[in-house]
Each structure stands twice: as structure tokens, then as C-alpha cells.
Amino acid sequence: MTVLDPRALNRALLARQHLLAPAPLTPLQLTEHLVGLQAQASDAPYYGLWTRLPDFRPEQLDALLLDRSAVRLGLQRGTIHLVSAADCLRWRTLFQPVLDQGLRGAFGARLAGLDPDALAARGRALVAADPRTFQELGALLAADHPDRDPAALAQLLRARLALVQVPPRGLWRTSGPAAHTTAEQWLGAPLAPPGDPDELVLRYLRAFGPATVADVQKWSGLTRLAPVLERLRPRLVEFRDVAGRTLYDHPDAPRPDGSTPVPVRLVAPFDNLLLSHADRARILPDEYRRAVMGANGIVRGTVLLDGFVAGLWQLTRTRTRAVATLHPLTPWTRPTRTAAEAAAERALAFAAPELTVHEVVLEG
């Protein structure tokens with residue numbers, strides 16, 4: 001069985017993520033290809049699309065959220081993702097065990113003895129009347145349960161209902177409360193019934209493979225997926241990684257040579273590129289993991305050099321000035337610095353075209 005080393009896996013991943021060459025896709029098509037973009041920070045999906053699409057503009061994603069072609073809700077790993085409306089309806093029920101497990105782990109003791117179905121029904125009625133924040137929902141539910149933690153009551157609704165964040169939340173450079181209603185109410189359609197995760201796993205492999213069972217589980221938050229991969233084996237090809245683990249893949253998926261050139265890329269904060277494998281060696285050197293993944297689940301924007309994380313980036317702005325700060329995690333050569341600074345200039349032009357002063361700061 002062919003062995004794929006980290007460089008081969010890196011190039012396969014970058015090809016599928018459309019980071020070797022721009023994607024010939026619309027923003028909605030790319031969102032579906034990636035099975036969503038993590039959206040814990042409101043602007044992260046915008047940068048995630050920008051780095052993969054040559055002519056992407058923020059108003060394109062704004063339009064998708066406003067016309068309800070795309071939504072923001074908890075899915076993979078229980079975290080907020082931007083997904084197409086179709087994928088929201090298709091996959092939300094499949095991820096119910098992930099959300100249930102997260103609720104039990106964080107709030108189980110504070111919810112003991114309550115009727116979750118009754119609370120969910122009450123919550124559904126509340127958000128059907130008006131989109132509401134978790135603070136509002138917690139206070140309304142606590143009126144009937146004054147001895148309970150309002151935050152825990154609100155989180156029960158997040159887990160038990162398919163709650164989407166409605167605009168203006170999530171729009172580019174627009175502030176607004178995280179108000180929620182159900183996906184069924186917002187999209188005017190029912191959720192698909194729970195089913196086998198086979199199609200979800202196949203789509204994951206198209207965007208993130210080749211991958212082990214543990215990789216698929218890490219990305220999704222679902223467990224016991226070994227039988228699913230076993231069932232799909234006749235439709236897949238198999239490889240080994242350098243540790244001898246079985247990697248599954250689509251027969252026709254791109255697997256470029258490990259020496260394939262890679263342009264310098266600025267990867268969005270919270271990008272699933274860094275969060276979708278149990279073994280991140282194909283993209284994130286272990287010695288940089290702590291610098292990239294900080295406290296409270298923060299995942300910083302990263303700079304890819306030769307396809308691997310080798311730096312951090314951050315954009316800040318005032319009323320008149322926008323600054324892109326680059327922080328190398330390893331020594332950069334002069335050509336690397338030049339390429340990274342050019343990528344930062346493009347990020348500034350994308351994110352702050354209206355500001356008169358753009359500045360790139362290279363730390364260290």
C-alpha cells in the first residue's frame with residue numbers, strides 16, 4: 001500500500017481547499033464544497049472565501065446571508081459554521097448527538113431534573129414569535145424556573161433546536177446581537193430526518209482527504225465512524241501515512257506531488273484547514289500549535305509558507321488606517337518576506353479599500 005508522507009498529504013489538502021490555485025466556483029459553491037466555514041468570529045468566513053476566490057467581495061456573502069441562501073448555526077464539533085441553506089437542512093439532525101454531548105458535558109448538572117422536550121417546545125414558540133438572543137431566552141425561561149441558571153436554559157435550546165443566527169449578525173463590518181430563530185422558521189422548510197453519515201464522510205474526503213477514521217471524527221465531532229468507512233471501502237482507495245495508519249480517499253481526488261509549488265497564503269482565523277484532522281502534521285507543525293491555538297478556543301490567522309504554517313497575521317483598523325501585522329514563527333528569507341508582505345497588502349485592499357492609509361508591519 002502506497003505511503004503518503006506529510007508533504008504529499010499537505011499538497012492533497014491544499015489542492016482540495018483551493019489554496020494551490022484559485023477556485024473556479026461561486027462563494028456558495030465553495031461554501032458547500034468545504035462543507036461550511038467555521039464562523040466563530042463573524043469576519044472569519046469572509047477571509048476564508050477571499051483567500052480561495054480570486055475576485056471575492058464581502059457584499060457577495062452579505063447577499064447570501066440576507067437572501068437566506070446561507071446561514072450560521074452550530075454544526076461540526078458543536079461550533080458555529082456558515083453553511084448553505086441546503087446543507088443546514090440536510091445535516092443539522094445528523095449532528096444532534098454532537099450538540100447533545102456538548103450540552104451534557106458543560107451544563108448537564110445544572111439542567112438535571114428538567115423536561116428538555118418541554119423547554120425546547122417553549123423555546124421554539126419564543127423564537128417563532130421573534131428572533132431572540134440567548135440572554136433574552138434564558139431570562140424568559142428562567143421566569144418559569146427561577147432556581148435554574150438562565151445561561152444553561154438558553155444553551156439547552158441551542159442544543160435541542162436548530163437555531164440560526166439572523167442578520168445583521170454575521171454581516172461584514174456590521175454589528176448586531178446574536179439573535180436566533182429556528183432553521184425551519186427562517187428557511188421555510190423542515191429539517192431532513194437523521195440518516196447514515198455516508199454522504200457527509202464522502203464530502204469531507206473531497207475537501208480534506210486523504211484521511212483516517214480519527215480525522216473524520218475530529219472534524220465532525222461524530223464518533224463510531226469506523227463502520228461507515230468500512231461500508232464505503234468499495235468506493236474508496238486506501239493509503240498509509242508514515243505512522244502506518246490507513247488513509248481513505250476518493251479514487252479521482254487530486255493528490256499532487258509533494259514538490260508542487262505553493263504560493264504564500266494568509267489563512268483565516270478559525271479556518272477548518274487547521275481543525276479537521278486528528279494528526280495536524282500535514283499543515284501545522286506541532287511546535288507552532290500553541291502559538292496558533294490560544295486560550296478559550298481562539299485560532300489565529302496563519303501564514304502558509306511552502307504549504308505549512310510558518311507565521312501569524314492580524315488586521316487592525318482605526319477610522320483612517322488599516323494595519324496588517326505579520327509575525328514569523330520561523331526565520332523568513334527575504335523573498336518570503338516580500339511575498340508575505342504582498343499577500344498582506346492584498347488583504348488590506350480587500351478588507352479596508354475605503355481607508356486612505358494601509359500599513360504592513362513585519363514583527364521580529
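Placed above this text is the structure.
The following paragraphs examine the structure supplied in this document. All values derive from a computational prediction rather than experimental measurement. (Residues numbered from 1 in each chain as written. Predicted model: local features only at pLDDT ≥ 70, side-chain atom pairs only at ≥ 80, totals over all residues. Heavy atoms only, no water.)

## A short note on the overall build of the protein chain
- In terms of helices and strands, the protein chain carries 15 helices and 13 strands.
- What you see for the protein chain is a C-alpha radius of gyration of 21 Å, in line with the 21 Å of a compact globule of 364 residues.
- Relative to its 364 residues, the protein chain shows a buried fraction of 52%.
- A separation of at least 24 residues holds for 66% of the contacts in the protein chain among residues at least 6 apart in sequence. (Helix = DSSP H or I, 4+ residues; strand = E, 2+ residues; numbered from the N terminus. Rg over C-alpha atoms; globule rule 2.2 N^0.38 Å. Buried < 20%, exposed > 50% of the residue type's maximum accessible area, 1.4 Å probe, protein only. Contact = heavy atoms within 4.5 Å.)

## Regarding the side chain of D249
- Locating D249 in the fold gives a position in strand β8 (residues 246-249).
- One polar contact links D249 to R16, side chain to side chain, over a distance of 2.6 Å.
- In terms of polar contacts, D249 uses its side chain to reach the side chain of R255, at 2.6 Å.
- Discounting residues that sit within four places of it in the chain, D249 has contacts with R16, L205, G209, P210, L236, V237, F239 and R255. (Polar contact = N/O pair within 3.5 Å; in protein donor to acceptor, adjacent residues only side chain to side chain.)

## A word on the packing of helix α7 (residues 116-129) against helix α8 (residues 134-142)
- As a packed pair, α7 and α8 sit with axes 11 Å apart at the nearest point and diverge in direction by 125°. Taken together, the axes of α7 and α8 lie oblique to each other. Here α7 runs over α8; the crossing is right-handed. Packed against α7, whose contacting residues are L119, R122, L126 and V127, the element α8 presents L137, L140 and L141 at the interface. (Axes fitted to C-alpha atoms, helices over the stretch in contact; angles between N-to-C directions. Parallel < 35°, antiparallel > 145°, perpendicular 65-115°, else oblique. Left-handed = near helix turned anticlockwise from the far one by under 90°.)

## What to know about α8
- Among the residues of α8, L137, G138, L141 and A142 are the ones counted as buried. Looking straight down α8, one finds its buried side chains confined to an arc of 125°; they lie on one side. (Arc of directions from axis to C-beta.)

## Thoughts on empty space enclosed by the protein
- Under the definition given, this model contains two cavities of 30 Å³ or more.
- By volume, the largest cavity is sized at about 80 Å³.
- Lining the largest cavity are 15 residues, with L37, Q38, R52, D271 and N272 positioned closest to its centre.
- For the lining of the largest cavity, the secondary-structure elements that each account for two or more residues are β2 (37-38) and α3 (44-50).
- At three residues, α3 tops the list of elements feeding residues into the lining of the largest cavity.
- A per-class count over the lining of the largest cavity returns eight nonpolar, five polar and two charged.
- Within this model, the second largest cavity holds a volume of roughly 40 Å³.
- What lines the second largest cavity is V35, G36, L75, Q76, V83, D87, W91, F95, L200 and W219.
- For the lining of the second largest cavity, the residue count by class is seven nonpolar, two polar and one charged. (1 Å grid on protein atoms, 1.4 Å probe; cavity = no way out; pocket = protein on both sides within 12 Å on 5 of 7 lines; lining within 4 Å. Points joined across faces, edges and corners; volume = space filled by probe spheres on them. Nonpolar A, V, L, I, M, F, W, Y, C, P; charged D, E, K, R; others polar.)

## Quick word on the layout of surface pockets
- Considered as a void within the structure, the largest pocket measures approximately 310 Å³ in volume.
- Around the largest pocket, the lining is made up of 15 residues, and of these P269, G301, W313, Q314 and L315 lie nearest the centre.
- If you tally residues by element for the lining of the largest pocket, the top one is strand β11 (residues 308-317), at five residues.
- Classifying every residue of the lining of the largest pocket by side-chain character gives eight nonpolar, three polar and four charged.

## Focus on unusual backbone geometry
- At the junction of P167 and P168, the peptide bond is cis and its omega measures out at 15° in the coordinates.
- In this structure, P168 sits in the loop between β5 (163-165) and β6 (180-182).
- Residues G209 and P210 are joined by a peptide bond in cis, for which omega reads -5°.
- As for its position among the elements, P210 is in the loop between α11 (198-208) and α12 (213-220).
- One non-glycine residue, V35, adopts positive backbone phi at about 55°.
- Tracing the sequence through the fold places V35 in the loop between α2 (27-33) and β2.
- A relative accessible area of 3% means that V35 is categorised as buried.

## Considerations on helix α9 (residues 150-160)
- When α9 is considered as a whole, its buried residues turn out to be A152, L153, A154, L156, L157 and A159.
- In this structure, the buried residues of α9 make contact with α6 (96-111), α7, α8 and β5.
- Looking at where α9 begins, the residue whose side-chain oxygen comes 3.1 Å from the main-chain nitrogen of A151 is D149.

## Some details on the sheet that holds β6
- Taken together, the five strands give an open sheet; going across it, the order is β2-β4-β3-β5-β6, and neighbouring strands pair in antiparallel fashion. The two strands at the open ends of the sheet, each matched to only one other strand, are β2 and β6.
- Bridge analysis of β2 against strand β4 (residues 80-84) gives two bridges, and the strand direction is antiparallel. Counted as the bridge partner of L37 is L82 from β4.
- Seen against the sheet, helix α4 (residues 58-66) touches β3 (70-74) and β4 and runs at an angle of roughly 75° to β3.
- The sheet strands contacting α7 are β5 and β6, and the helix crosses β6 at an angle near 110°. (Pairing = 2+ DSSP bridges.)

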